[in-house]
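Residue strings, one per chain:
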Amino acid sequence: MAHSGEQAMLSVLALIPAGNVVSYGQLADLAGLPGRARLAGTVLRTADTEALPWHRVVSSSGEISLPAGSEAAQEQRQRLLAEGVVFRGKRVNMKQHQWRPDLGALLMLLEH
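Along each chain, residue indices are assigned from 1 in the same order as the chain's sequence is written. Thresholds applied to this predicted model are a pLDDT of at least 70 for local features of residues and 80 or more for the giving and counting of side-chain atom pairs; totals over whole chains, interfaces and linings are not thresholded and use all residues. As a rule here, side-chain values come from all non-hydrogen atoms in the structure, and water together with hydrogens is ignored.

Novice: Would you take a moment to explain the layout of surface pockets for this structure?
Specialist: Over the atoms rolls a probe the size of a water molecule, and its path tells where empty space is left. Cavity: a set of points on a 1 Å grid over the protein atoms alone where a 1.4 Å probe fits but cannot get out. Pocket: an open set with protein on both sides within 12 Å along at least five of seven lines, its lining residues, like those of a cavity, having an atom within 4 Å of a point. Grid points are joined across faces, edges and corners, and a volume is the space filled by probe spheres set on the points. Counted as a void, the largest pocket has a volume near 350 Å³. Along the wall of the largest pocket there are 13 residues; nearest its centre are Tyr 24, Leu 44, Arg 45, Trp 54 and Leu 66. Strands here mean DSSP runs of E at least two residues long; helices mean DSSP runs of H or I at least four residues long; both are numbered from the N terminus. Broken down by secondary-structure element, the contributors of at least two residues to the lining of the largest pocket are α3 (37–46) and α4 (71–82). Residues are grouped as follows: nonpolar covers Ala, Val, Leu, Ile, Met, Phe, Trp, Tyr, Cys and Pro; charged covers Asp, Glu, Lys and Arg; every other residue, Gly included, is treated as polar. When its residues are assigned to classes, the lining of the largest pocket shows 6 nonpolar, 4 polar and 3 charged. For the second largest pocket, the full set of lining residues is Glu 63, Ile 64, Leu 66, Ala 68, Gly 69, Ser 70, Ala 73, Gln 74, Arg 77, Phe 87 and Lys 90. The element that contributes the greatest number of residues to the lining of the second largest pocket is α4, accounting for 3 residues. Of the residues that constitute the lining of the second largest pocket, the class distribution is 5 nonpolar, 3 polar and 3 charged.

If you want it as structure tokens, here you go:
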């Protein structure tokens, strides 16, 4: 059984729309766990996220955090490109693609 913080992060992850990204810290913040960016990374690394849009989580600078050149990093980049996410070199254009949900609406979605 998933810890409630882990479950909250997975619930938020499921809501990130195509063409949008969040940082690890933002994922933690939206899940009600401010300052827990490392926990977000651990959750993504250890939980079963295959059916979730794990590829929509990047570093705060917009870079893919997986090892450069790895199969997983290439898959993440390809998935983001397929959704229309624009990269500048190795970084996602965060101004253009960072998800900024309405917090009231997000809370209502998470409660159901």
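From this point, things continue past the structure.
Novice: So what exactly am I meant to see when it comes to α4 here?
Specialist: Every α-helical turn comprises 3.6 residues, leaving residues that sit three or four positions apart pointing alike. Given the number of residues in a helix, its expected span is that number minus one, multiplied by 1.5 Å. The end-to-end C-alpha separation of α4 is 16 Å, in line with the 16 Å expected for 12 residues at 1.5 Å each. Partly exposed residues are those whose accessible area sits between 20% and 50% of the maximum for their type, while under 20% is buried and over 50% is exposed, using a 1.4 Å probe and protein chains only. Of the residues making up α4, those classed as buried are Ala 73, Gln 76 and Leu 80. Each buried residue of α4 lies within a common arc of 60° when the element is viewed along its axis, so the set occupies one face. Those residues of α4 that are exposed and angled more than 90 degrees off the buried face are Glu 71, Gln 78 and Ala 82. Buried residues along α4 sit in contact with β2 (57–58), β3 (87–88) and β4 (91–92). Just downstream of α4, Gly 84 is the residue with a positive phi angle, here 90°. This arc is built from the directions going out from the helix axis to the C-beta atoms. Here, residues are in contact when the closest pair of their heavy atoms is within 4.5 Å.

Novice: Sorry, what's going on with helix α1 (residues 4–15) here?
Specialist: Taking 1.5 Å as the rise per residue, α1 with 12 residues should run 16 Å; its terminal C-alpha atoms sit 17 Å apart, in good agreement. Taken together, the buried positions of α1 are occupied by Gly 5, Met 9, Leu 10, Val 12 and Leu 13. Each buried residue of α1 sits inside an arc of 160° when the element is viewed along its axis, so together they form one side. The inward-facing, buried residues of α1 abut α2 (24–30), α3, β2 and α6 (103–111).

Novice: What should I look at first to understand the pattern of salt bridges in this one?
Specialist: It is possible for side chains of opposite charge to pair when their charged atoms get near one another. Salt bridge, as used here, is a side-chain nitrogen of Lys or Arg placed within 4 Å of a carboxyl oxygen of Asp or Glu. Tallied over the full model, the rule gives 4 salt bridges. Glu 63 is the partner of Arg 91 in a salt bridge, and the nearest nitrogen-oxygen pair spans 3.1 Å. Taken as a pair, Arg 91 in strand β4 and Glu 63 in the loop between β2 and α4 lie far apart in primary sequence, 28 residues in all. Overall, the relative accessible area of 24% leaves Glu 63 in the partly exposed class. Between Arg 79 and Glu 75 there is a salt bridge, with the nearest N and O atoms lying 2.9 Å from each other. With Arg 79 and Glu 75 both in helix α4, this residue pair falls 4 residues apart, about one helical turn. What emerges from the salt-bridge pattern is a single network uniting Glu 50, Glu 75 and Arg 79.

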